[in-house]
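# Topology and contacts: notes
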Amino acid sequence: MFRTAFLDLPPLATAGGTVHLPGSKSISNRVLLLAALSQGTTTIHDLLDSDDTRVMLAGLQQLGCRIQPAAVTPGQPIAVTGIGGQLPAGTAATLFLGNAGTAMRPLTAALAVLGGNFEMTGVPRMHERPIGDLVDALRQLGCSIDYLGNPGFPPLQIGQPDFSQLSTQAIPVRGDVSSQFLTALLMALPLLATDRDITIEVVGELISKPYIHITLALLARFGIAVKNEDWQRFVIPAGSRYQSPGDIHVEADASSASYFIALGAIAANTAGHNGVKILGVGQDSIQGDIRFVEATRSMGAQVDSGPNWLQVSRGAWPLKAIDLDCNHIPDAAMTLAVMALYAEGTTRLTNIASWRVKETDRIAAMATELRKLGATVEEGADYICITPPAAAAAWKAGSIHTYDDHRVAMCFSLAAFNPAGLPVRIEDPQCVAKTFPDYFEALFSVCDTANARIPVICIDGTSGSGKGTIAAQVAEALGYHLLDSGALYRITGLVATRAGLALEAANAERIATLMAEQRLEFTADQRVLVNGEDVSLAIRSETAGMHASQVSAFPAVRAALVDMQHAFRALPGLVADGRDMGTEIFPDAPLKVYLTASVQCRAERRYKQLISKGLSANMDALFADLEARDARDTQRAAAPLKPAEDAMRLDNSCGTIDEAVQQVLNWWAQRQPFAQGATTPGASQ
Ligand code: DC
């Protein structure tokens, strides 16, 4: 997940490959409960691992369900053995359900019907979320539920029900507060329908019908065929009994899929691929937002689908403008608004009044941000009309404000395919965490662009000038990858000496070949592994530095490391530190920094660094070593250390690391095309 103040997306060109989307939250928790109530074992694939599913799993375990493995393991299904519609007499438990409404409501209903002795609690916020309408409906049936805190809210105490007065009359439930109440009843009442029909009647307008549709579809998979009488009455037929379907796949969230469907429609195909394949959701999806596929087809997308997958590629290009009533796909329709930037003519999205009362006023937000990119936008109370920039030259580089709205952040990432080749800045990218924490990583994994468009910041300089620390912090502030090229030379020195090779020019070819055979890994927590062995500490010693300096003078060794270094240039960008990043490896880098510092300062800094790591150090020796390395690195014939002609010089003798980092970020900001006043990391700190 990107936790930076902003994320700059370089201009993107093509897309291709496969994305596996995470399971939907609301489907995950429904499936877990249904599996728990059923007879038999259900093997659940692609269950979402989130706070909400974790509390549900823990609760079900407390009730005696066998869950294997006990926690969600990536790539592995989870097997839930159900209770077969009844709990052992006298089952008692206190269930802590965090802030998971998708666990609290349905579990309350199911346990109130099953009976026992249960306390239902959650975090303080959960105790502010209403549950009174559901409790009222359950009490009318004969369930025993008491409020342990404020009436109408959890925590709750559930006891033994008395169904002796249960009549054949319909059970009323309000439909206009939360569709979760109806879902909870729909999942609990089949337990009571063994010998009679049970009818639920919705009072008031039923909101969020697509969610009820999901509940009904899942009930059917577990053997319960509810009769839906025009969304007003739901009849659970007598003789209903929960039966495990054996295997079940949790669909991915169809709204999350919309960004990748749009991506396939907008981007040219990456060579060797056949568009974008989306795993986790197919056209037979039970989610309403899947109808987004139809909308994209009418804009020109080429979409194929099968069970649990979609394959999307560019069809008509430019896209065709549409005029669409989007009431049935409110969330995914935001993605259409960005697709409209690539359409010929004006796209009109209507019946979207609900956008105004979502995470933010989405009509206003979309209009403002689309205009920043150069589009002409007309907005009304319940519609939006988008006309793309008239020509490539009319596009503008926008810094997209995201209003703490995950969907604004995700859909505007698609603007990076603009024909003007401009980058797009997404402010506060971590707002995507609400539904898709790794959205940008997933996007980058299926997008491509010319290497020259992936920005590189080079930070070259002498040993101990602080470039490693500065580079790491600049990379962190921008969300960029990091290349510590010195580590590659240090590893080379290490593997050569371990192999018993003298570090002499005569051995250069052998050392280069040996290095090419090693399996290197650079982990996210900045460890370096060689053939699985952690050498992070071994390559940091002064001797390792001296050996690195020796092998780095051999042209054969340098040549062997070039491709490895180029491979670090990946989306969204790279910060590379070393000696020849700006001169040899990335000569086209848009920012090159050349760091210097007096030998005295650097020796002192290195001394402190070594001591803090618990390594032994001697000032005089360090001073002499640094001078010797400087001399070798600057005087060697192959790629000697020297500032690139267009490098910015930064003397880091006296200043702090923070000042140097800020200076580099300022130089970087000055090179960006975004309008003044856009967020910079400095401004947010
Ligand atoms: O940055 P460092 O101290 O880890 O580098 C170790 C040695 O590797 C350095 O003395 C010279 C060499 N080196 C190089 O020649 N080219 C680079 N790009 C990086 C390091």
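Since the structure is predicted, the reported quantities are computational estimates derived from the model, not experimental observations. (Residues numbered from 1 in each chain as written. Predicted model: local features only at pLDDT ≥ 70, side-chain atom pairs only at ≥ 80, totals over all residues. Heavy atoms only, no water.)

### Focus: the nonpolar core
Core analysis: the biggest nonpolar cluster contains 85 residues, and Phe260, Leu263, Ile278, Leu336, Trp355, Met366 and Phe412 have the highest contact counts within it. Excluding residues within four positions of it along the chain, Trp355 makes contact with Pro330, Ala333, Met334, Ala337, Leu349, Thr360, Asp361, Arg362, Ile363, Met366 and Ile384. (Core = buried A, V, L, I, M, F, W, Y, C linked by side-chain atoms within 4.5 Å. Buried < 20%, exposed > 50% of the residue type's maximum accessible area, 1.4 Å probe, protein only. Contact = heavy atoms within 4.5 Å.)

### Quick look at the site of the ligand
Neighbouring the ligand are 16 residues; Arg490, Arg558, Arg579, Asp580 and Arg629 lie closest to it. Within the side chain of Ser552, a nitrogen or oxygen atom sits 3.3 Å from an oxygen atom of the ligand. Summarising the interface, the protein chains cover 97% of the accessible area of the ligand, which totals 440 Å² for the free molecule. Looking at the shell around the ligand, the elements that each hand over two or more residues are helix H14 (485-498), helix H16 (542-551) and helix H20 (619-635). Per-element tally for the shell around the ligand: the top contributor is H14, with 4 residues. A class-by-class count of the residues in the shell around the ligand yields 3 nonpolar, 5 polar and 8 charged. (Near = heavy atom within 4 Å. Polar contact = N/O pair within 3.5 Å; in protein donor to acceptor, adjacent residues only side chain to side chain. Areas by Shrake-Rupley, 256 points an atom, 1.4 Å probe, with all protein chains shown as cover. Helix = DSSP H or I, 4+ residues; strand = E, 2+ residues; numbered from the N terminus. Nonpolar A, V, L, I, M, F, W, Y, C, P; charged D, E, K, R; others polar.)

### Here's the deal with the pairing of strand S17 (residues 276-279)
The side chains of a regular strand alternate, first on one face of the sheet and then on the other. With burial as the criterion, only one face of S17 is covered, namely that bearing Val276 and Ile278; the residues Lys277 and Leu279 on the opposite face remain uncovered. Pairing analysis gives 4 bridges linking strand S3 (residues 17-20) to S17, with the strands arranged parallel. Bridged to Gly17 within S17 is Val276. (Pairing = 2+ DSSP bridges.)

### Section: the sheet that holds strand S4 (residues 41-45)
Pairing within the open sheet is mixed, and its 4 strands lie in the order S5-S6-S4-S15. This sheet does not close on itself; its edge strands, each paired only once, are strand S5 (66-68) and strand S15 (247-249). Here the strands of the sheet are splayed against their neighbours by 20 degrees on average, with no regard to which way each runs. Bridge count between S4 and S15: 3 bridges; the pairing is parallel. Looking at the pairing, Thr43 lines up with Asp247 of S15. Across the sheet, helix H1 (residues 25-37) is in contact with S4, strand S6 (78-81) and S15; its angle to S4 comes to roughly 165 degrees. (Axes fitted to C-alpha atoms, helices over the stretch in contact; angles between N-to-C directions.)

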